[in-house]
Amino acid sequence: MMIATINPTTEEIIQTFTPLTTAEIETKLQLADSTFENYRKSSFESRADKLLKAATILEDDASEWAKLMTLEMGKPFQSAIAEVNKCALVCRYYAEHGADFLQNRMVETDASHSYVTYQPLGAILAVMPWNFPFWQVFRFAAPTLMTGNVAMLKHASNVPQCSLAIATIFKGAGFPKGAFQSLLIESGQVEQVIRDSRVKAVTLTGSELAGQKVASVAGEELKKTVLELGGSDPFIVLEDADLEEAATVAVNARMRNNGQSCIASKRFIVVEAIAPRFEKLLLDKFQALKIGDPMEEDTDIGPLATPAILEEINNQVQKTLSMGAKALIGGKPLQGKGNFYPPTLLTNIPENSPAMTEEFFGPVALLFTVKDVQSAIALANNTSLGLGACVWTKDEKNIERCIRDIEAGSVFINGLVKSDVHLPFGGIKRSGYGRELSIEGIREFVNIKTVWQK
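Residues numbered from 1 in each chain as written. Predicted model: local features only at pLDDT ≥ 70, side-chain atom pairs only at ≥ 80, totals over all residues. Heavy atoms only, no water.

**A closer look at the overall build of the protein**
Thought 1: Helix and strand counts for the protein come out as 15 helices and 20 strands.
Thought 2: Whereas a compact globule of 454 residues would reach a radius of gyration of roughly 22 Å, the protein reaches 23 Å, a difference of no more than 12%.
Thought 3: When its C-alpha atoms are laid out on the principal axes, the protein stretches across 65 × 60 × 40 Å.
Thought 4: Counting only residues that meet the buried cut, the protein has 57% of its 454 residues in that class.
Thought 5: Within the protein, contacts between residues at least 6 apart in sequence are counted, and of these 72% link residues at least 24 apart.
Thought 6: Looking at the protein, you have 45 positive and 54 negative side-chain charges, and the mean spots of the two groups are 4 Å apart. (Helix = DSSP H or I, 4+ residues; strand = E, 2+ residues; numbered from the N terminus. Rg over C-alpha atoms; globule rule 2.2 N^0.38 Å. Buried < 20%, exposed > 50% of the residue type's maximum accessible area, 1.4 Å probe, protein only. Contact = heavy atoms within 4.5 Å. Lys, Arg positive; Asp, Glu negative; His and termini not counted. Charge placed at Lys NZ, Arg CZ, Asp CG, Glu CD.)

As structure tokens, this is what we get:
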């Protein structure tokens, strides 16, 4: 995949970029290494001040950054604005709390003085995806820079201008030149960066396959990784749920970011007693969605990011339909320019079909009917993935049961699954390992050093 800005709404190639050479990569690695030697000694106050400046830059030019995201990957403009503001929030959060999260922790032992201290490691490589081109980077970069590490970003090949813009933001905030660097490199060049001794750890958000490749190379080099991979999140609706509210949230849960979100609800699991009513509500709301130019304020769904993503989601849908499923709405790409796929709702989903076994990364909802809460939990867990889940019920016993038994990194009750700077974010099973955000996230890439003094 060439490194290029290709407008997914018009299919126009806006700008292409030449990948860095081996010599240019070496220069950046040298800069990261030399920068770390000084930056690691900077105070928490100095780092926090720079993060606050980055937040201000984000907020002051929010429209500019949002337009760039919409241009490169088709995100509805209003959603892009919200993403910029969330990036500012995570910068402020770690600026305000990072020092406390990394304070020495005193421990009583047989020593006269013993404690745990949290120290930076060095250069951390981030391999990031296109679907949240600013947020995914900032939720890694803010805690990384606050710890005193330096960051190197290998962004997705279809959002190079976002990658360069983020580097500009950190430079404008006063971070040293080598504290945050954008690497415009191809996928095949990532291995040499991971294997370089100056890179101390790797974080990746992306597909299972990408996670396997990165973790394999890092494992050979005995370097720590954090992986946030795919999700096939269940959205469970039980008999006593507020169906109108659940259906309204369900639309946003599935269609946000044009359906291209790891934590989007993808499998809607509804008990049979209320299934017809919920299906009708969901179908009505899908029919009301507006598809079109993502720059228009009233557009609900823009294009998918690339033609390959459009082709993949359509192939999954067509195969599932050929095996006996039914499309209540949508089910085929829209004609004309752009990577547009309509809101699609599939029912009567057969065993072993793609809709039963694969992640659907686009505006396609999969509707299942089950007998009771036990069956709902069993179906929710019938996947190799385990990122997030949400449950709609007022019954405390069912709430406790779902929290205990659903296999996922997070369970949201009567609400949309989302990332929150205050809470750890990540998955289990083939959705990855490790956590981002909160206190757990900032401690992923540090040396947790024990100090014992007689």
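Read on, since the account is not over.
**Side note on the sheet that holds strand β5 (residues 123-127)**
Thought 1: Pairing is mixed across the open sheet formed by six strands, whose spatial order is β7-β6-β5-β8-β9-β19. The sheet is open, and its two edges are formed by β7 (180-182) and β19 (432-433), each paired on a single side.
Thought 2: Pairing of strand β9 (residues 224-228) with β19, which is carried by two bridges, proceeds in the antiparallel orientation. By the bridge assignment, Leu 227 is partnered in β19 with Tyr 433.
Thought 3: Strand contacts of helix α1 (residues 22-39): β5, β6 (150-154), β7 and β8 (199-205), with the helix running at about 155° to β6, the strand carrying the most contacts. (Pairing = 2+ DSSP bridges. Axes fitted to C-alpha atoms, helices over the stretch in contact; angles between N-to-C directions.)

**Some points on the pattern of salt bridges**
Thought 1: Enumeration over the complete set of coordinates arrives at 18 salt bridges.
Thought 2: Lys 290 is paired through a salt bridge with Asp 298; the nearest N and O atoms lie 3.0 Å apart.
Thought 3: Linked through salt bridges whose partners overlap, the residues forming this network are Glu 191, Arg 195, Glu 220 and Glu 221. (Salt bridge = Lys/Arg side-chain N within 4 Å of Asp/Glu carboxyl O.)

**Here's the deal with the layout of surface pockets**
Thought 1: Empty space within the largest pocket amounts to approximately 1300 Å³.
Thought 2: Lining the largest pocket are 39 residues, and of these Pro 129, Trp 130, Gly 206, Ser 207 and Ala 210 sit closest to its centre.
Thought 3: Among the secondary structure elements, those contributing two or more residues to the lining of the largest pocket are α7 (190-195), β8, α8 (208-220) and α11 (307-322).
Thought 4: Here the lining of the largest pocket gets six residues from one element, more than from any other, and that element is α8.
Thought 5: A class-by-class count of the residues in the lining of the largest pocket yields 19 nonpolar, twelve polar and eight charged.
Thought 6: Empty space within the second largest pocket amounts to approximately 660 Å³.
Thought 7: Lining the second largest pocket we find 33 residues, and of these Ser 79, Phe 132, Asn 252, Arg 256 and Asn 257 sit closest to its centre.
Thought 8: Looking at the lining of the second largest pocket, the elements with two or more residues in it are α4 (77-101), α5 (135-147) and α9 (243-255). (1 Å grid on protein atoms, 1.4 Å probe; cavity = no way out; pocket = protein on both sides within 12 Å on 5 of 7 lines; lining within 4 Å. Points joined across faces, edges and corners; volume = space filled by probe spheres on them. Nonpolar A, V, L, I, M, F, W, Y, C, P; charged D, E, K, R; others polar.)

**A few points about the environment of Gly 259**
Thought 1: With respect to the helices and strands, the residue Gly 259 is situated in the loop between α9 and β11 (265-271).
Thought 2: Take Gly 259: its relative accessible area is 0%, and that puts it in the buried class.
Thought 3: Look past the residues within four positions of Gly 259 in its chain and what remains in contact with it is Arg 254, Phe 361, Gly 362 and Pro 363.

**Side note on the pairing of strand β4 (residues 113-120)**
Taken residue by residue, a regular strand's side chains alternate between the two faces of the sheet.
Thought 1: Burial analysis of β4 places six of its eight residues in the buried class, which makes it a mostly covered element.
Thought 2: Two strands pair when backbone bridges link them, and strand β3 (residues 105-106) and β4 are joined in this way by two bridges, in the antiparallel orientation. Looking across to β4, one finds that Arg 105 is bridged to Val 116.
Thought 3: Between β3 and β4, which follow one another and run antiparallel, lie six residues.
Thought 4: As defined by bridge partners, β4 adjoins strand β20 (residues 446-453) across eight bridges and the pair is classed as antiparallel. Its bridge partner being in β20, Thr 117 is matched across the sheet by Lys 449.

**A short note on empty space enclosed by the protein**
Thought 1: Under the defined criterion, the tally for this structure stands at three cavities of 30 Å³ or more.
Thought 2: In this structure, the largest cavity spans a volume of roughly 120 Å³.
Thought 3: Lining the largest cavity are 15 residues; nearest its centre among them are Phe 140, Pro 143, Thr 144, Gly 441 and Phe 445.
Thought 4: Of all the secondary-structure elements, those providing two or more residues to the lining of the largest cavity are α5 and α15 (438-442).
Thought 5: Of the residues contributing to the lining of the largest cavity, the split by class is six nonpolar, five polar and four charged.
Thought 6: Estimated volume of the second largest cavity: approximately 70 Å³.
Thought 7: In terms of lining, the second largest cavity is formed by 16 residues, of which the most central are Pro 234, Leu 385, Gly 386, Gly 388 and Glu 407.

**Here we look at the confidence of the model for the protein**
Note: predicted coordinates in regions of low pLDDT should not be interpreted at a detailed level.
Thought 1: Averaged over the protein, the pLDDT score is 98; the fraction of residues at 70 or greater is 100%.
Thought 2: Averaged over each element, pLDDT in the protein is lowest for helix α12 (residues 354-357) (96) and highest for β5 (99). (pLDDT = per-residue confidence, 0-100.)

**Section: the packing of α9 against helix α10 (residues 275-287)**
Thought 1: The N-to-C vectors of α9 and α10 enclose an angle of 50°; their axes lie 9 Å apart at closest approach. With respect to α10, the axis of α9 lies oblique. Considering only the axes of α9 and α10, their crossing is right-handed. Residues Leu 243, Glu 244, Ala 246, Ala 247, Thr 248, Ala 250, Val 251, Arg 254 and Met 255 of α9 form the contact with α10, whose own contacting residues are Arg 277, Phe 278, Leu 281, Leu 282, Lys 285 and Phe 286.
Thought 2: Its residues assigned to classes, the contact of α9 with α10 comprises ten nonpolar, one polar and four charged. (Parallel < 35°, antiparallel > 145°, perpendicular 65-115°, else oblique. Left-handed = near helix turned anticlockwise from the far one by under 90°.)

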